[in-house]
Amino acid sequence: MKFKLFIRQSLALFLAILFSFSSMVNARPLIKKPFDDDKQTKIKLPPVNWIRSRTIDVKHILIDLKFDWEKEQAYGTSTITVAPFNDTNKIYLDAAYMTISAVTLANGAALKYDYKGKDSDNNLEITLDRVYKNGEDVTVKVTYRTNYVNTADADTAIGSFGRGLRFIKPTADNPNKPYQIWSQGETEFNRYWFPSYDSPNDFRTTELKATVDKKYTVVSNGKLIDKKDNGDGSVTFDWKMDIPYSNYLSSIVVAEYAEVKSGEYAGIPIIAYGYKNETKEVYETTKSVPDMVKFFSEKTGVKYAYPKYSQAMVEEFGGGMENISATTQIEEMIVNEKEMVDGDSNSLQAHELAHQWFGDYVTCRDWGQIWLNESFATYFDALYNEHSKGHEDFLYNNIRSNQNTYYGDWAQGIRRPIVTKYYANKDAMFDNYAYPRGADVLHMLRKHLGEENWWKAINHYLTSNAHKPVSTENLRIAIEEATGESMDWFFDQWLYKMGHPVFEVSKNYSNGKLTLTVKQTQKIDPNNEFPQAEFFQGKMDIEVDGKIEQIWIKPQTENVYSFDVAAEPKLVNFDFESTWLKEVKFNKSVDELIYQMTNDKDVLARRSAGAELAATYKKAETSATDKDKIMSTLRNVAANDKFWRVRRGILSEIGIIFTPQGQNQANVAVKFDDATAAAFLKATKDESSQARADAIAFLGNTRDVKYENVYLEGLNDKSNRVNGESALALAKTKSPKAFDALVKMVNTDSWHQNSRIQGLQGLAELGDKRALDLGLKYANDKNQPAQVRTNALGIIGSIGKGDPRAYPLIFENFKKALDANNFNSIFTLTRAFISLADPRGQEAFDLLKNKFKDNPNIIGFVNQLEGQFKEAIKK
């Protein structure tokens, strides 16, 4: 599962937007770091979670369902074949919030049962007709109806994925919403739509029959063995999966689809189910999947194992879910030509596809081992990125990004081992330790083993555990058996314990010798009860003037290394390509950093040198001469580095240097010197659309009308992102040309109405009273996409102060957004309350504080915005 729109990332986006608008870049952290003082709250271990014991071995499940759209229920039967582990006349199944009407044997003989309802393990007790021996098969048939209604704000840590079946239907607010049904099984939510043993440590085969109106397509696991026209306007789909797999990976999707053939691999069809009016875009978005299947099959040495691979696009889903052979994907994954200029959806698709090996072919035995699913899928998504877009993109966009995500959690005090049986609830394990940190541990493992041994170990891990539940020890043993290397120490420090090394590095050159002194200064956190690594060990690459030397870091306070060199090195790069998770203090002069940024073949070292130089520039004690050298170099690299992500990153460093910091600075015009302004102007022509968009955004912060033609040109760029940033930048100039240009965007139909949305956002920034009627028009037009209506409300908030129609309309929509956890809308409408400065808006802040009372990050930002609101109503 990948959380493209997972609630955690939606929260992160919400906080990021709040952060930018309230200009709190240098504000004090809301969660105090450990070691701040001796009064740090002690972090106790969460409850222990042991692997669930099984009393039965489930062999096969046949699910046969119809659907009640009005009541949002499924009804039918599940026929389950099991074998007890001990002689018994009773079996127990998991069945959540169902109405059970009958339980029989396969021959129809009625059986007694006791159903406790709600959601708990073993809550359906079935008394059999006799005692069945250990290993003897028995088949029972349960007739039932589901009762749980899965909504957008379903109470689960998996957020917008929900539990069990989700019915999507048109509503009064969204009459164009399509009819769909989709399921979500992970973690243990398939019990909400069919009785089962619903824990990951049991594998079984399945068959699913579903009867629906003939306009619908049913997508499920395995192979479609029959599609029967029933002669009454309905059709029955029959899907069968003969390869055993874990219960949570069973799935169903019902929708009106066009079947789009993305291609095939070795005779295996690769299919995308998308909307009938988007077939071109569906194909263009998914056409790389056959290459992904080929890549994963050939690199692992394990051919894709299932009779087909499909992706079905659905509404209101949290991202992607790797149901076996039948991934469910968020509909927004499909992009058109303009959006594809800015980036594709390959990461999400590769992640879910990788799960077909890591998560489906082998599956974590319990949720404390979830990294075996999610870290592997995250890393193999990165490996495909390396294959398709190159090594530098892999390092920058995957390794660096993963590391920074983990460092952010660590700084906030979110700390645990990757593998643990101590967790508050199973869904809480789907965090940044299960995804990016674990992926970076796999990267360190790959670098330690070397390419040949890495792939040999991966193949042995998969083949020796095929179609079985696994634990981390299965991986460690497979590595040892395949390569001969004992990896106990590696698994102990990086997986079973928490933490990372903090290095202090110093260098000295004398008489042809370079000496590096490397100290480990990390400390055990006495306030955290999770196991912690005191010292770290392993291989590390050191770059000295372009030559790579390998050292072994010993698990001790200090290590000293000597290198023979012909002259004093200009470049010493500690941990070439930043393989290790670590913090480093390695003091370098301005000249050394400039040389590193302009000469290092290591893209991450160039980028980190740029960040250090930008930080040095901002220090009061930095001399004017050094500042001039730094800024000149930053501008040069932003224009000329060979890799667009570095150019873009350094451009951002320059922009931040010139951006006023602190509260109440959001609307202060940025002032660039001529050379810097010229650098941003040049960047508006960069070959990378993302760099172009960033350059326009920073120029836009000058609010200078002299750049209006740049922005007007940007409105016609082939990039959707550039169009949006140009609209906002143009609005900030208050140019007389802005209103008409933005209204033209609003009146232009486009893919998912992106142009309309961007035009509305620009008009909200412009603040021209003439846009009020346009805002009211689109805010009340229920045939428009939700994002159009939300951004129309943003206009009303921006310029509707004093208009009696404004507040009631915004507050009504705010409550709907809050109920649906729609964070983009929540943010837009919260800002609207500040602009309106209507005292009644206090109710919105009270609702926010109640909704997020257990999230200190969000509460902190809400308090900041509430302060702005109170200041606004005083004026």
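Scroll up for the structure.
In this text, all values refer to a predicted model and were calculated from it rather than measured experimentally. (Residues numbered from 1 in each chain as written. Predicted model: local features only at pLDDT ≥ 70, side-chain atom pairs only at ≥ 80, totals over all residues. Heavy atoms only, no water.)

### A short note on the overall build of the protein
Let me state the cut-off plainly: Every helix listed is a DSSP run of H or I at least four residues long, and every strand listed is a run of E at least two residues long, numbered separately from the N terminus. The globule rule used here is 2.2 Å times the number of residues to the 0.38 power, and the radius of gyration it is set against is calculated over C-alpha atoms. Partly exposed residues are those whose accessible area sits between 20% and 50% of the maximum for their type, while under 20% is buried and over 50% is exposed, using a 1.4 Å probe and protein chains only. Contacts are assigned to residue pairs that have any heavy atoms within 4.5 Å of one another. In this tally, Lys and Arg are treated as positive and Asp and Glu as negative; His is ignored, and so are the chain termini. For the purpose of locating charges, the reference atoms are NZ of Lys, CZ of Arg, CG of Asp and CD of Glu.
When you go through the protein residue by residue, the secondary structure sums to 27 helices and 28 strands. For 875 residues, the compact-globule estimate of 2.2 N^0.38 gives 29 Å, and the C-alpha radius of gyration of the protein, at 29 Å, lies within 12% of that figure. Along the first, second and third principal axes, the C-alpha set of the protein runs to 90 × 75 × 55 Å. In the protein, buried positions account for 58% of the 875 residues. In the protein, the proportion of contacts linking residues at least 24 apart, taken out of those at least 6 apart, comes to 69%. Distance between charge centres in the protein, computed from 111 positive and 117 negative side chains, equals 2 Å.

### A look at the pattern of salt bridges
As a reminder, the rule being used: Salt bridge, as used here, is a side-chain nitrogen of Lys or Arg placed within 4 Å of a carboxyl oxygen of Asp or Glu.
With the rule as written, the count across this model stands at 66 salt bridges. Between Asp381 and Lys2 there is a salt bridge, with the nearest N and O atoms lying 3.2 Å from each other. Within this pair, whereas Asp381 is found in helix 6 (residues 371–389), its partner Lys2 is found in the segment before helix 1 (7–22), the two being separated by 379 residues in sequence. Since its relative accessible area comes to 6%, Asp381 is described here as buried. For Lys2, a relative accessible area of 21% translates into the label partly exposed. The salt bridge involving Lys389 is made with Asp344; its shortest N-O contact spans 3.1 Å. Residue Lys389 is found in helix 6, and its partner Asp344 is found in the loop between helix 4 (337–342) and helix 5 (346–354); the two are separated by 45 residues along the sequence.

### Regarding the side chain of Ser234
Condition: Polar contact criterion, stated in full: a pair of N or O atoms within 3.5 Å, where within protein one must be able to donate a hydrogen and the other to accept it, and residues adjacent in sequence count only if both atoms are side-chain atoms.
Take Ser234: it is sitting in strand 13 (residues 234–246). For Ser234, a relative accessible area of 12% puts it in the buried group. Only 3.0 Å separates the side chain of Ser234 from the side chain of Asn230, close enough to count as a polar contact. Here Asp232 takes part through its side chain, which lies 2.5 Å from a polar atom of the side chain of Ser234. Contacts of Ser234, omitting those with residues within four sequence positions, involve Thr211, Val212, Asp213, Lys214, Lys228 and Asp229.

### What to know about the pairing of strand 26 (residues 558–564)
To keep it simple, the criterion reads: The pairing criterion is simple: DSSP has to find at least two bridges between the two strands.
Side chains Asn559, Tyr561 and Phe563 project from strand 26 onto a buried face, and the interleaved Glu558, Val560, Ser562 and Asp564 project onto a face without burial. In the sheet, strand 23 (residues 513–520) pairs with strand 26 via 7 bridges, with the strands oriented antiparallel. Following the sheet pairing, Val518 is matched in strand 26 by Asn559.

### Regarding the environment of Asn147
Relative to the assigned elements, Asn147 resides in the loop between strand 7 (138–146) and strand 8 (164–168). Taking C-alpha positions, Asn147 is 54 Å from Arg607, a pair spaced 460 residues apart along the chain. Setting aside its immediate chain neighbours within four residues, Asn147 contacts Gln73, Tyr97, Met98 and Thr99. Reaching out from Asn147, the side chain makes a polar contact with the side chain of Thr99 at a distance of 2.9 Å.

### Here we look at the sheet that holds strand 9 (residues 180–184)
Heads up, the rule is: Note on definitions: angles span 0 to 180 degrees between N-to-C directions of axes, and those axes are lines fitted to C-alpha atoms, for helices only across the stretch in contact.
Pairing in this open sheet of 4 strands is antiparallel, and the strands run 8-9-14-11 from one edge to the other. The outermost strands of the open sheet, each flanked by one partner alone, are strand 8 and strand 11 (217–220). Ignoring which end each strand starts from, the neighbouring axes of this sheet average 15° apart. Inspection of the sheet shows strand 8 paired to strand 9 by 5 bridges, in the antiparallel sense. By the bridge assignment for strand 9, Leu165 is matched with Ser183.

### Notes on the nonpolar core
The criterion, for reference: We define a nonpolar core as any set of buried Ala, Val, Leu, Ile, Met, Phe, Trp, Tyr and Cys residues linked to one another through side-chain atoms lying within 4.5 Å.
Counting 246 residues, the largest nonpolar core has Phe67, Ile126, Phe296, Phe376, Phe380 and Leu763 as its most contacted members. Aside from chain neighbours lying at most four places away, what touches Phe376 is Phe358, Trp371, Leu442, Ile458, Tyr461 and Leu475. Counting 9 residues, the second largest nonpolar core, distinct from the first, contains Val282, Met313, Met333 and Trp751.

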